Amino acid sequence: RARGPLAGRHVLVTSGPTHEPIDPVRYIANRSSGKQGHAIAAAAAAAGARVTLVSGPVAIADPPGVAVVRAESAREMLAAVEAALPADVAIFAAAVADWRAAEAKPSKLKKDGTTPAPLALALNPDILATIARRPREPGSGRPALVVGFAAETDDVVENARAKLARKGCDLVVANDVSAAGGGVMGGDFNAVHLVSPEGVETWARAAKDEVARRLVAHLASRLAASSQE
Ligand code: C5P
């Protein structure tokens, strides 16, 4: 039987990039490594939670003690998240592609040297907003705590506040992914601000594993406080 501050809880984490197919050999993607999301999943498992990690295509190992569900595109990731609910806490750390090819072609696109690139884009579903906007009532499938990430290059805290309101989540973990922010994307360190309706907490730059442990401890105490209300 699991012990720890998250014993008896189900924690859902999304992590990594998504790949949006253009044709059988090409896709749209981004530079997310999955390191921060995978570290959070590992830390939640170490804190005693049952953890489902919905992972986009990554080159890193599955964390120990975690059920991993693979998803390729944003739409597959949303379906995997919906299938994994209910959960007590959902942490959306994946760098989901905002856009996909409007139509994934069944055979390889050819260039003919004259026509413009035949690529129309369509907006992907916002997985975080879809789940966070469910009504806060038992049975709705909205986790008690919904956490989003905000990777920003400018006005990090301001943008995170706007995201909190727009997406309906309980907490936004904001990080500076500009070069000046220390090479967060793909790197092993992160410097974050925790932005919630209660205010902003700024944490010193630390290894992604350490950020993950602190975040999990923070969420466990918020969850314990809300269960006592
Ligand atoms: O709007 P933006 O992409 O900056 O928001 C980032 C947050 O929203 C992250 O928590 C990310 O996992 C989530 N997100 C999502 N689905 C999308 C886009 C973003 O879950 N299509």
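Conventions adopted
- Residues numbered from 1 in each chain as written.
- Predicted model: local features only at pLDDT ≥ 70, side-chain atom pairs only at ≥ 80, totals over all residues.
- Heavy atoms only, no water.
- Near = heavy atom within 4 Å.
- Polar contact = N/O pair within 3.5 Å; in protein donor to acceptor, adjacent residues only side chain to side chain.
- Areas by Shrake-Rupley, 256 points an atom, 1.4 Å probe, with all protein chains shown as cover.
- 1 Å grid on protein atoms, 1.4 Å probe; cavity = no way out; pocket = protein on both sides within 12 Å on 5 of 7 lines; lining within 4 Å.
- Sits in = over half its atoms within 2 Å of the grid points.
- Helix = DSSP H or I, 4+ residues; strand = E, 2+ residues; numbered from the N terminus.
- Nonpolar A, V, L, I, M, F, W, Y, C, P; charged D, E, K, R; others polar.
- Pairing = 2+ DSSP bridges.
- Phe/Tyr/Trp six-rings, centres within 6.5 Å; stacked < 30°, edge-to-face > 60°.
- Lys NZ or Arg CZ within 6 Å of the ring centre and 35° of its normal.
- Buried < 20%, exposed > 50% of the residue type's maximum accessible area, 1.4 Å probe, protein only.
- Contact = heavy atoms within 4.5 Å.
- UniProt positions renumbered as here; feature names shortened; annotations may be inferred.

### Thoughts on the site of the ligand
The environment of the ligand is formed by Phe-92, Ala-94, Val-96, Asp-98, Pro-125, Asp-126, Ile-127, Leu-128, Gly-148, Phe-149, Lys-163 and Lys-167. Within the backbone of Ile-127, a nitrogen or oxygen atom sits 3.0 Å from a nitrogen atom of the ligand. Taking 450 Å² as the accessible area of the ligand by itself, protein coverage stands at 86%. In this structure the site holding the ligand corresponds to the largest pocket. Sorting the residues of the shell around the ligand by element identifies helix H3 (127-132), strand S9 (145-152) and helix H4 (156-167) as the ones contributing at least two each. Residues belonging to the shell around the ligand are distributed by class as follows: 7 nonpolar, 1 polar and 4 charged.

### Some remarks on the pairing of strand S13 (residues 199-202)
As paired elements, strand S12 (residues 192-196) and S13 share 4 bridges and run antiparallel to each other. If you follow His-193 over to S13, its bridge partner there is Thr-202. Between the end of S12 and the start of S13, which pair antiparallel, lie 2 residues.

### Description of the packing of aromatic side chains
All chains considered together, the criterion is met by 0 aromatic pairs. One Lys or Arg, Arg-214, reaches over the ring of Trp-203 and ends 4.2 Å from the middle of that ring.

### Re the side chain of Ser-32
Mapped onto the fold, Ser-32 is located in the loop between strand S3 (26-28) and helix H1 (35-46). According to the relative accessible area criterion, Ser-32 is buried, its value standing at 17%. At 3.5 Å, the side chain of Ser-32 and the backbone nitrogen of Gly-34 are in polar contact. Setting aside anything within four residues of it in sequence, one finds Ser-32 in contact with Gly-16, Pro-17, Ala-95 and Met-185.

### Here we look at the UniProt feature "binding site: CTP" (unreviewed entry) in the chain
When the UniProt feature table is mapped onto this chain numbering, "binding site: CTP" (unreviewed entry) sits at Asp-98, Lys-108, Pro-125, Asp-126, Ile-127, Leu-128, Phe-149, Lys-163 and Lys-167. The greatest C-alpha distance among the residues just named is 37.3 Å, and with 70 residues of sequence between them they are spread in space as well. Those annotated residues from the list above that line the largest pocket are Asp-98, Pro-125, Asp-126, Ile-127, Leu-128, Phe-149, Lys-163 and Lys-167. Following the sequence through the fold, Pro-125 ends up in the loop between strand S8 (121-123) and H3. Given the relative accessible area of 25%, Pro-125 is considered partly exposed. Those residues in contact with Pro-125, other than ones at most four positions away along the chain, are Arg-75, Leu-78 and Arg-100.

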